[in-house]
Amino acid sequence: MTERKKLKIYIPGIKFPSISLTGNYCSLNCAHCGRHYLERMRKPTKKELVNYCINLEREGYTGCLLSGGLDSRLKVPLDRYAAEIREIKRRTSLKLNAHVGFIDESDLEWVKYVDVVSLDFVGDDEVIKRVYKIDRTVKDYLRILDLLSEAGVRVAPHITIGLDFGRISWEYRAIDLLVKYPIDVLVLDVLIPTKGTEMEGLSAPGVEESLEVVRYARERFNGEISIGCMRPLGKWRLDFDKGAVLAGVDRLTNPPRKVIEWAKTVREVEIIYECCVV
């Protein structure tokens, strides 16, 4: 086993909810998502948002993910909630994680109020076109990283292993690109072939093939490696999570109870009821 420090196990659902600021709306219909993941998020209105978050804190929540679908500008329209985000930070101590989409210089005014930006990152132009069906390139993702890094905003890039319809290849290049940035947490998800999407009939990427990406990231990246929320369930998750712990990841989100008990026998374990990038 790779020698690593304490394993932090994150269980966000209890005290760190996800909020969609666009309801179930997204201008895209991505092959892996098809707006499916917006459905399970909480959906306060713009008028309700500040008081909603104040009440979250009163009820013992520690933070939330501000998310939603992309609009016609290919942004999650958080800029239209700038005043509300400022007010939430003024009136609460909630930690705010944000999905942002393809932001630009005009967004630096509000983005400084969130604690961390979770940025889905793809390292191949053709995969971007096949999965997201948008006219964007790897350079556009790197531009966002440059912008936020120069502004001193914490960024936690997310790589979804197997995003290219279950195939694994571009992930290694993505890791090589990201290690050049001042990133303290790199999140690795794994494709879930989701019902109602173009990828519904696919098999999940293989456990061992997925773990090879995890091991590569561990070798190349000096910051903390986190296994994120999105990955297949059942025996797949059980086997993958054990392999990830042995590979030396620092953070593991929503593992099966069996994995938690087993992990305590091989690593010191801390359980945290927050989002894994906080």
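Residues numbered from 1 in each chain as written. Predicted model: local features only at pLDDT ≥ 70, side-chain atom pairs only at ≥ 80, totals over all residues. Heavy atoms only, no water.

S.K.: What is the right way to read the overall build of the protein from this model?
M.R.: When you go through the protein residue by residue, the secondary structure sums to nine helices and ten strands. Its C-alpha atoms give the protein a radius of gyration of 18 Å, near enough to 19 Å, the size a compact globule of 278 residues would have. Its C-alpha atoms give the protein principal-axis dimensions of about 50 × 40 × 40 Å. Expressed as a percentage of the 278 residues in the protein, the buried residues total 55%. Looking at the protein as shown, the accessible area adds up to about 12300 Å², and 48% of this sits on carbon and sulfur atoms. (Helix = DSSP H or I, 4+ residues; strand = E, 2+ residues; numbered from the N terminus. Rg over C-alpha atoms; globule rule 2.2 N^0.38 Å. Buried < 20%, exposed > 50% of the residue type's maximum accessible area, 1.4 Å probe, protein only. Areas by Shrake-Rupley, 256 points an atom, 1.4 Å probe, with all protein chains shown as cover.)

S.K.: Is there a simple way to explain the packing of aromatic side chains in this structure?
M.R.: Applying the stated criterion across every chain yields a total of four aromatic pairs. Judged by centre distance (4.8 Å) and plane angle (25°), the ring pair of Trp236 and Phe240 falls under stacked. Taken together, the residues span about one helical turn, with Trp236 and Phe240 both in helix α8 (residues 234-247) at a distance of four residues. You can call Trp236 buried: its relative accessible area is 13%. Taking relative accessible area as the criterion, Phe240 reaches 0% and is therefore assigned buried. Among the aromatic residues, those joined into a ring-pair cluster are Phe102, Phe121 and Tyr141. A cation over an aromatic ring shows up here: Lys46 above the ring of Tyr81, its NZ or CZ 5.7 Å from the ring centre. (Phe/Tyr/Trp six-rings, centres within 6.5 Å; stacked < 30°, edge-to-face > 60°. Lys NZ or Arg CZ within 6 Å of the ring centre and 35° of its normal.)

S.K.: What exactly am I supposed to notice about the side chain of Asp250 here?
M.R.: Relative to the helices and strands, Asp250 resides in the loop between α8 and β9 (251-253). In this structure the side chain of Asp250 is engaged in a polar contact, spanning 2.7 Å, whose partner is the side chain of Arg218. (Polar contact = N/O pair within 3.5 Å; in protein donor to acceptor, adjacent residues only side chain to side chain.)

S.K.: For this particular structure, what's the right way to read the pattern of salt bridges?
M.R.: Charged atoms that come close allow side chains of opposite charge to pair. Inspection of the entire model under this criterion finds 28 salt bridges. One salt bridge connects Glu224 with Lys8, and the closest N-O pair in it is separated by 3.1 Å. Here the residue Glu224 occupies a position in strand β8 (residues 224-227), and Lys8 occupies one in strand β1 (residues 7-10), the gap between them amounting to 216 residues. The two residues Glu224 and Lys8 agree in class, both being buried. (Salt bridge = Lys/Arg side-chain N within 4 Å of Asp/Glu carboxyl O.)

S.K.: Is there a simple way to explain the sheet that holds strand β6 (residues 155-161) in this structure?
M.R.: Note: strands within a sheet are paired through backbone hydrogen bonds, in either parallel or antiparallel orientation. Taken together, the ten strands give an open sheet; going across it, the order is β2-β3-β4-β5-β6-β7-β8-β9-β1-β10, and neighbouring strands pair in parallel fashion. Each edge of the sheet is formed by a strand with only one pairing partner; in this case those strands are β2 (18-20) and β10 (269-272). The average angle at which neighbouring strand axes cross in this sheet is 25°, direction not considered. Here three bridges tie β2 to strand β3 (residues 63-67), and the two strands are oriented parallel to one another. Directly across from Ser18, in β3, lies its bridge partner Leu65. (Pairing = 2+ DSSP bridges. Axes fitted to C-alpha atoms, helices over the stretch in contact; angles between N-to-C directions.)

S.K.: It is not clear to me how helix α1 (residues 49-58) should be interpreted in this structure. Could you clarify?
M.R.: Each α-helix turn comprises 3.6 residues. Residues three or four places apart therefore point the same way. Looking only at α1, the buried set comprises Leu49, Val50, Cys53, Ile54 and Leu56. Projected onto a plane normal to the axis of α1, the buried residues spread over an arc of 155° and lie on a single side. On the buried face of α1, the contacting elements are β2, β3 and α2 (82-91). Downstream of α1 by one or two residues, Gly60 has phi in the positive range, about 100°. (Arc of directions from axis to C-beta. Contact = heavy atoms within 4.5 Å.)

S.K.: Would you mind showing me how to read the packing of helix α7 (residues 207-220) against α8 here?
M.R.: Any two packed helices are characterised by the angle at which their axes cross and by the distance between the axes. The contact between α7 and α8 brings their axes to 10 Å, and the two run at 25°. As far as their axial angle goes, α8 and α7 are roughly parallel. Along this stretch, α7 crosses α8, giving a crossing that reads as right-handed. Across the interface between the two elements, Val207, Ser210, Leu211, Val214, Arg215 and Arg218 of α7 pack against Trp236, Asp239, Phe240, Gly243, Ala244 and Ala247 of α8. Considered class by class, the residues forming the contact of α7 with α8 number seven nonpolar, two polar and three charged. (Parallel < 35°, antiparallel > 145°, perpendicular 65-115°, else oblique. Left-handed = near helix turned anticlockwise from the far one by under 90°. Nonpolar A, V, L, I, M, F, W, Y, C, P; charged D, E, K, R; others polar.)

S.K.: What should I look at first to understand a nonpolar patch on the surface in this one?
M.R.: Together, Ile14, Ile271 and Tyr273 give the surface a local cluster of nonpolar side chains, amounting to about 250 Å² of exposed area. Structurally, Ile271 is set in strand β10. (Patch = residues over 30% accessible without salt bridge, like charges linked within 9 Å, V, L, I, M, F, W, Y side chains within 5 Å.)

S.K.: I would appreciate a short explanation of the environment of Trp170 in the present structure.
M.R.: Within the fold, Trp170 resides in helix α6 (residues 170-178). Given a relative accessible area of 3%, Trp170 falls into the buried group. The spatial distance from the C-alpha of Trp170 to the C-alpha of Pro12 is 29 Å, given a sequence separation of 158 residues. What Trp170 contacts, discounting residues up to four positions off in sequence, is Phe121, Val122, Gly123, Asp124, Val127, Ile159, Thr160, Leu163 and Asp164.

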